[in-house]
There are 2 protein chains.
Amino acid sequence: MTYCVGLCLKDGLVFLSDTRTNAGVDQIGTFRKMTLFQKDGDRFFTLMSAGNLAITQAVKEILLQGQLLNGKNLWTVSNAHDAAVVIGDAIKQVYERDHEALEKAGIDFNCNLIFGGQVKGERPRLFNIYSAGNFIEATPETCYFQIGESKYGKPILDRVLSFTTPLNLATKCALISMDSTLNSNISVGLPLDLLVYEKNSLKADKLVTMDDSNPYYKMIHQLWGEKLRAAFNSISEPSWSGAHKSSAISAPAKKMGPIPIHHQPPKAKATKSTKKVATKRPTKRANTKRSPSTTKVVNKKKA
Amino acid sequence: MTYCVGLCLKDGLVFLSDTRTNAGVDQIGTFRKMTLFQKDGDRFFTLMSAGNLAITQAVKEILLQGQLLNGKNLWTVSNAHDAAVVIGDAIKQVYERDHEALEKAGIDFNCNLIFGGQVKGERPRLFNIYSAGNFIEATPETCYFQIGESKYGKPILDRVLSFTTPLNLATKCALISMDSTLNSNISVGLPLDLLVYEKNSLKADKLVTMDDSNPYYKMIHQLWGEKLRAAFNSISEPSWSGAHKSSAISAPAKKMGPIPIHHQPPKAKATKSTKKVATKRPTKRANTKRSPSTTKVVNKKKA
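- For chain A, an unreviewed UniProt entry supplies the name Peptidase and the organism Polynucleobacter wuianus.

Put into structure tokens, the structure is as follows:
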């Protein structure tokens, strides 16, 4: 799949992406998801992509060529918001060019980008740009975006991160988020591209591509698992006897009764259960769509 | 959504399910996902369900009525595998009855079950039964199944659980797995139904419905977050200067070069980039489907 995470903080921005692409278990590849744009002393942008690689590469090419879209490109816009609009226009141009052929081939127009950076005179900004070319912007309340395989890496971001988190701590957080994802989804893989952008620097200062020999990555990868297991072991096990009050598990729920235990119906009523399952809220719509199964059935989209 | 997890271990089985149903943000409900079947001294089964509630309730009704499917029901089969076949037959019966009308209503036939238990004379067994009525069985190598919102709760199971994990420790693990899921997906909610089945007991021994006043649940909920943050804080931050060897982050990847930094193309070549993005593996299919975006675009299935 892909996993990219972008953070927009008081002191600057952090961008982290993997490099594994997946077009089937026999077509695993290595492609960078991160692209950097710099005009010395004036502006600095980072773009990270997930989705259909042909589409995201086409969008990048338009931007790298400096094509004017509605009269603007990344080098001429006066603020990062307008830069995001330019990228949206590039997506729309690729859509116009390719969507019919993609539809005939049964392929979704799928393009999900994280874009951020700073134009001189403005604050650092971060955007999540969608397949339709529209976008949302990060705010202090929601100071990060993820694209690709986002679920495994989200909990640590929610627990630890805030707008005022220092950049170095936030970098550690992003790497742990990535490590959890690498452990749980084999279509996300090393090496990683990491950029830590310091507010007002207008350049790529702390930039590294990390593989499995990177000392810091190795340390996180090993230590995080050890510390999780240690944290797990340090929590008491449940006490069914009620001997230990704080770990007593047998206290029943206040509003819901115990689970019924069903026994074999008597032979005289072989086709009818003697215990009825309690039904509630009969006015609920019966045929209501629930979320799809997550396990190994057919027709699963590549994750 | 739903989250249910079943464990099949050397000493017995653990079953844990939530009770929140979701038919839209204005139709949140409370329905049990767990059903228990017991014939004293002879057999004990647990069924947990995810998917379309009307479908899963219909399947349960057939089983509770003791209907004979291909001449068998849960009370007459001689082993747990044949019991899983009976449940598969019940699913197929509901499918035959309802799938046409569901298709016309644009609703998927979505039914995902965890089923386990023990028939006297056999070992405890655990199955994951699919919408098609077929199923897989847990083995010592893969000793757990999850249905519903499985991603958030999976990492702790992978890190901690094995076939020889004692039941009480495994129970703690399942509850932490559930807690992580509750934190990250609001369509999974309390109260929880928990059953710990001891091998050869042939009955529901340790059974509890846990709400937010349950001492053990409260303790786990508070402590786990604290311990994760403590574990996070105890890991060193990255060292960009290389001063600390073990946390040195600047070591570049061996096989992959540094990320290129793109600058504004010269005016004479305004539409063409002077720096080409390195492309690799030109024989790769260009129009390759990638995984769908995971963020807030349109037409997202309810999770």
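**As for the relation of the copies chain B and chain A**
- When chain B is fitted onto chain A, the two copies agree to an RMSD of 0.0 Å after a turn of 180° and an axial shift of 0.0 Å. The two molecules are tied by a two-fold rotation axis, judged by turn and shift. Identified as the residue of chain B closest to the rotation axis by C-alpha distance is Y152 of chain B, at 2.9 Å.

**Comments concerning the sheet that holds strand β12 (residues 206-210) of chain A**
All names here are of chain A.
- The strand order across the open sheet built from 5 strands is β10-β1-β2-β11-β12, with neighbouring strands paired in antiparallel fashion. Only two strands of the sheet have a single neighbouring strand rather than two, namely β10 (144-148) and β12. Shown here is a sheet whose adjacent strand axes are inclined to one another by a mean of 5°, direction ignored.
- Direction of pairing for strand β1 (residues 3-9) relative to β10: antiparallel, over a ladder of 5 bridges. Considered in β10, the bridge of V5 is made with Q146.

**Focus: the interface of chain B and chain A**
- Listed per partner, the contact involves 131 residues of chain B and 131 residues of chain A.
- Surface buried jointly by chain B and chain A totals about 12200 Å² across both partners, of which 60% is contributed by carbon and sulfur atoms.
- Taken together, the connections running from chain B to chain A amount to 2 salt bridges.
- Among the ionic pairs, E149 of chain A bridges to K151 of chain B, the shortest N-O distance being 2.9 Å.
- Inspection of the chain B/chain A interface yields 34 residue pairs in polar contact (both at pLDDT 80 or more).
- It is helix α5 (residues 215-233) of chain B that contributes the most residues to the side of chain B that touches chain A, 13 residues altogether.
- Both strand β13 (residues 261-262) of chain A and strand β5 (residues 34-39) of chain B contribute to a ladder of 2 bridges, which runs parallel. Residue I261 of chain A lies in a different strand from β5 of chain B, and its bridge partner there is L36 of chain B.

**Points about the sheet that holds strand β13 (residues 261-262) of chain B**
- Spatially, 6 strands are ordered β9(A)-β8(A)-β7(A)-β6(A)-β5(A)-β13(B) in an open sheet, and the strand pairing comes out mixed. Of all the strands in the sheet, just β9 (135-137) of chain A together with β13 of chain B have a single pairing partner and so form its edges.
- Pairing geometry for strand β6 (residues 43-51) of chain A and strand β7 (residues 111-119) of chain A, over 9 bridges, is antiparallel. By the bridge assignment for β7 of chain A, L47 of chain A is matched with F115 of chain A.

**What to know about the packing of aromatic side chains**
- On inspection of all chains with the given rule, the structure shows 12 aromatic pairs over all chains.
- Ring plane angle 5° and centroid distance 5.4 Å describe the contact between F44 of chain B and Y197 of chain B, whose orientation is recorded as stacked. A residue pair is termed long-range when its members are at least 10 positions apart, and F44 of chain B in strand β6 (residues 43-51) and Y197 of chain B in strand β11 (residues 192-198) qualify at 153 residues.
- Aromatic side chains Y95 of chain B and F109 of chain B sit 5.0 Å apart centroid to centroid with 85° between the ring planes, which places their arrangement in the edge-to-face category. In this pair, Y95 of chain B sits in helix α2 (residues 80-104) while F109 of chain B sits in the loop between α2 and β7 (111-119), placing the two residues 14 residues apart along the sequence.
- Clustering of aromatic rings is evident, with ring pairs tying together F45, F115, F127 and F135 of chain A.
- The positively charged end of K172 of chain A is found above the aromatic ring belonging to F232 of chain B, 4.4 Å away from the centroid.

Thresholds, definitions, all that
Residues numbered from 1 in each chain as written. Chains lettered and ligands numbered in written order. Predicted model: local features only at pLDDT ≥ 70, side-chain atom pairs only at ≥ 80, totals over all residues. Heavy atoms only, no water. Least-squares fit on C-alpha atoms with pLDDT ≥ 70 in both. Pairing = 2+ DSSP bridges. Helix = DSSP H or I, 4+ residues; strand = E, 2+ residues; numbered from the N terminus. Axes fitted to C-alpha atoms, helices over the stretch in contact; angles between N-to-C directions. Contact = heavy atoms within 4.5 Å. Buried area = accessible area lost by both parts, 1.4 Å probe. Salt bridge = Lys/Arg side-chain N within 4 Å of Asp/Glu carboxyl O. Polar contact = N/O pair within 3.5 Å; in protein donor to acceptor, adjacent residues only side chain to side chain. Phe/Tyr/Trp six-rings, centres within 6.5 Å; stacked < 30°, edge-to-face > 60°. Lys NZ or Arg CZ within 6 Å of the ring centre and 35° of its normal.

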